[in-house]
Amino acid sequence: MATGHTDPHRRERILAAALDLIAEEGVAGVSHRKIAARAQVPLGSMTYHFTGIDDLLLEAFTGYADQVVTLFEHHLTGAGTPDEAREAVTDLIHTLSEGARRDLVLTQELYTLAARHEPYRALCARWMRRSRTLLERHFDAATARRLDALIEGLTLHRALDDAPSDRALTREAVARITAAP
């Protein structure tokens, strides 16, 4: 194994390995030893780079949340009209729900941690604020909040349903949420 001096990406590999293990075994199944083995780093690297498993998990989930926000940005940035924004949200829901099962598991594992532990709850709150801020470029604040919840719910339902709803139903749901009162 390379030393830290010749292995500048060790920390990133550890974080990626942690997320991969969480996706495969759940948070309860991860340990410093398993993560180090997956990342192909010495076990001592774990305590060199992180103060403990919670520090590592929080940073890994923060990186994951950043990736999802980047996906929101990617979909919403090009929309110039309300109709384009609605279509961008529809595309986002389908991208999220048809993506890797890994992402669905990571999101649910993070939500479970957030339900029990304040630092993860704060991370989720920051993530939701960032998502809503992007939605507020196109919709008022109250609509953005409802739309954010719709995105979460439809993504989960589409990902877990044996016969997920089609694009027309998603488009209609987005239109209903974003319609003027």
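Note on numbering: residues in each chain are counted from 1, in written sequence order. Reporting of local features is limited, given that this is a predicted model, to residues whose pLDDT is at least 70; pairs of side-chain atoms are given and counted only at 80 or more, and all residues count toward the totals for whole chains, interfaces and linings. Excluding hydrogens and water, the side-chain figures rest on all heavy atoms present in the structure.

1. Some thoughts on the nonpolar core
In summary, soluble globular proteins display a tendency toward joint burial of nonpolar side chains. In this structure, Ile14, Ile35, Leu56, Phe61, Phe72, Val89 and Leu135 are the most contacted members of the largest nonpolar core, which totals 50 residues. The secondary structure listing takes helices from DSSP runs of H or I that are at least 4 residues long and strands from runs of E that are at least 2 residues long, numbered from the N terminus. Mapped by element, the contributors of at least two residues to this core are α1 (10-25), α2 (32-39), α4 (53-76), α5 (82-98), α6 (101-116), α7 (118-135), α8 (141-160) and α9 (167-178). Per-element tally for this core: the top contributor is α4, with ten residues. Put simply, buried Ala, Val, Leu, Ile, Met, Phe, Trp, Tyr and Cys residues joined by side-chain atoms within 4.5 Å make one nonpolar core. Burial classes: relative accessible area under 20% of the type maximum marks a residue as buried, over 50% as exposed, and values in between as partly exposed (1.4 Å probe, protein chains only).

2. Some words on the confidence of the model for the chain
Scored from 0 to 100, pLDDT records how confident the predictor is in each individual residue. Residues with a pLDDT of 70 or more make up 96% of the chain, whose mean pLDDT is 92. The weakest mean pLDDT in the chain belongs to helix α3 (residues 44-49) at 89; the strongest belongs to α7 at 97.

3. Details of the packing of aromatic side chains
Ring pairs shown here join Phe, Tyr and Trp side chains whose ring centres sit within 6.5 Å, with only the six-membered ring taken for Trp; geometry is labelled stacked below 30 degrees between planes, edge-to-face above 60, and tilted in between. Counted under the stated rule, the structure contains three aromatic pairs. Relative to tryptophan 127, the ring of tyrosine 64 has its centre 6.1 Å away and its plane inclined at 85°; by these criteria the two rings are edge-to-face. Note that tyrosine 64 is positioned in helix α4 and tryptophan 127 in helix α7, a separation of 63 residues in sequence. Accessibility assignment for this pair places tyrosine 64 and tryptophan 127 in one class, buried. An aromatic cluster is defined as three or more aromatic residues linked by ring pairs; in this entry it consists of Tyr64, Tyr111 and Trp127.

4. Brief notes about the environment of aspartate 83
Relative to the assigned elements, aspartate 83 resides in helix α5. The exposure class assigned to aspartate 83 is exposed, which follows from its relative accessible area of 58%. Taking the C-alpha atoms as reference, aspartate 83 lies 9.8 Å from threonine 178; in sequence the two are 95 residues apart.

5. A look at the pattern of salt bridges
The term salt bridge refers to a side-chain nitrogen of Lys or Arg lying within 4 Å of a carboxyl oxygen of Asp or Glu. Under the counting rule described, the total for this entry stands at 13 salt bridges. The partner of arginine 38 in a salt bridge is glutamate 24, with the nearest N and O atoms 2.7 Å apart. Of the two residues, arginine 38 sits in helix α2 while glutamate 24 sits in helix α1, which places them 14 residues apart along the sequence. Take glutamate 24: its relative accessible area is 51%, and that puts it in the exposed class. Where arginine 167 meets glutamate 87, a salt bridge forms, and the shortest distance between an N and an O atom there is 3.6 Å. Note that arginine 167 is positioned in helix α9 and glutamate 87 in helix α5, a separation of 80 residues in sequence. On the basis of relative accessible area, arginine 167 is assigned to the partly exposed category, the value being 30%. Salt bridges sharing partners connect three or more residues here, namely Glu87, Asp91, Arg167 and Arg171.

6. So, the environment of proline 164
By secondary structure assignment, the location of proline 164 is in the loop between α8 and α9. C-alpha of proline 164 to C-alpha of leucine 21: the two residues are 143 residues apart in sequence and 27 Å apart in space.

7. Some thoughts on α5
Since the α-helix turns once every 3.6 residues, residues separated by three or four places project in the same direction. Residue count minus one, scaled by 1.5 Å, sets the expected span of a helix. The first and last C-alpha atoms of α5 sit 24 Å apart over 17 residues, in line with the 24 Å expected at 1.5 Å per residue. Of the positions making up α5, those classed as buried are Ala85, Ala88, Val89, Thr90, Leu92, Ile93, His94 and Ser97. Whether two residues touch is decided by their heavy atoms; if any such pair falls within 4.5 Å, the residues are in contact. The elements touched by buried residues of α5 are α4, α7, α8 and α9.

8. Focus on the packing of α1 against α6
Here the axes come from fitting lines to C-alpha atoms, over the contacting stretch only for helices, and the angles between their N-to-C directions go from 0 to 180 degrees. Relative orientation of the contacting elements α1 and α6 amounts to 90°, with a least axis distance of 9 Å. With respect to their mutual orientation, α1 and α6 come out roughly perpendicular. Along the contact surface, α1 presents Ala16, Leu19, Asp20, Ile22 and Ala23, while α6 presents Arg102, Val105, Leu106 and Glu109. Polarity classes work like this: nonpolar for Ala, Val, Leu, Ile, Met, Phe, Trp, Tyr, Cys and Pro, charged for Asp, Glu, Lys and Arg, and polar for all others, with Gly in that last group. For the contact of α1 with α6, the residue count by class is six nonpolar, no polar and three charged. Note on terminology: angles under 35 degrees are roughly parallel, angles over 145 are roughly antiparallel, angles of 65 to 115 are roughly perpendicular, and the others are oblique.

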